Amino acid sequence: MSTTESNRQKKIAGVLQNDLAKVLQELLRESGQLSTILTVSKVSVTVDLSIAKVYVSVFPSDKAEALIKELKQLTPKIKHQIAQLTKHQLRKMPDLSFYNDDSMEYIQNIEKAVKDKENPIENPDLLPKRKKS
C-alpha cells in the first residue's frame, strides 16, 4: 500500500468525521433526544474508498444499541446529507456503516474499578497469592 493512498484515506476520513458529527448531532436534536450525547470517535475508509466505517460513542451507553439501529435505518438519508456537504471535496461518496464504539464505557469501567474500595493496586490482599517456589 502506498503512502499517498493512506494519506488520501485519512483525509477523506477526516472530512467525513467532521461532517458526520454535525449531521448526526442535528438528527439527535430533530428527534428530540437532547439528553443523549453522540460523538463520532473514528472514521476509517477502506482502501478502495467505497466504505466508511463510522464509530460512534454514545452517552448514556445504555442508549447506544437503539441509536446505532436507528442510524442504520437512516443511513440513506445521512449518506445523502453528507454527500451534499462533501460534494466539492469527494468525487464519490463512500457507503456508510455504523458501529458502536464502547471504548468510553470500557474506560469508565476501569476508572470505576480503580476508584472502588476493592482496588488491587492499593490493596494487594485482594490479589490471589502467588506460591513462592
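Right, let's walk through the structure included here. These figures come from a predicted structure and were not determined experimentally. Residue positions are given per chain, counting from 1 as you read along its sequence in written order. This being a predicted model, a pLDDT of at least 70 is required before a residue's local features are given, and a value of 80 or more before pairs of side-chain atoms are given or counted; all residues contribute to the totals for chains, interfaces and linings. Where side-chain values are given, they derive from all heavy atoms of the structure, hydrogens and water being excluded.

## Things to note about the sheet that holds strand β1 (residues 37–45)
Thinking step 1. Taken in spatial order, the three strands of this open sheet run β1-β2-β3, and their pairing is mixed. The sheet is open, and its two borders are formed by β1 and β3 (95–100), each paired with just one other strand. Between one strand axis and the next, the sheet turns through 30° on average, direction left out of account.
Thinking step 2. Against the sheet, helix α2 (residues 64–86) contacts β1, β2 (51–59) and β3, and its axis sits at roughly 170° relative to β3. At least two bridges found by DSSP between two strands are what make those strands a pair. Strands here mean DSSP runs of E at least two residues long; helices mean DSSP runs of H or I at least four residues long; both are numbered from the N terminus. Note on geometry: axes are C-alpha line fits, over the in-contact stretch for helices, and angles between N-to-C directions span 0 to 180 degrees. It only takes one pair of heavy atoms within 4.5 Å for two residues to be counted as in contact.

## Remarks on the layout of surface pockets
Thinking step 1. Put plainly, a pocket is an open set of points on a 1 Å grid over the protein atoms alone with protein on both sides within 12 Å along at least five of seven lines, a cavity is a set where a 1.4 Å probe fits but cannot get out, and a lining residue has an atom within 4 Å of a point. Grid points are joined across faces, edges and corners, and a volume is the space filled by probe spheres set on the points. Of the pockets and cavities examined, the largest pocket occupies roughly 220 Å³.
Thinking step 2. For the largest pocket, the full set of lining residues is R8, K11, I12, V15, D48, L49, Q89, L90, R91, K92 and P94.
Thinking step 3. Under this grouping Gly is polar, as are all residues other than the nonpolar Ala, Val, Leu, Ile, Met, Phe, Trp, Tyr, Cys and Pro and the charged Asp, Glu, Lys and Arg. Its residues placed into classes, the lining of the largest pocket shows five nonpolar, one polar and five charged.
Thinking step 4. Here the second largest pocket is characterised by a volume of approximately 170 Å³.
Thinking step 5. Taken together, 13 residues make up the lining of the second largest pocket; nearest its centre are S57, V58, F59, M104 and E105.
Thinking step 6. Looking at the lining of the second largest pocket residue by residue, the class counts come to five nonpolar, five polar and three charged.

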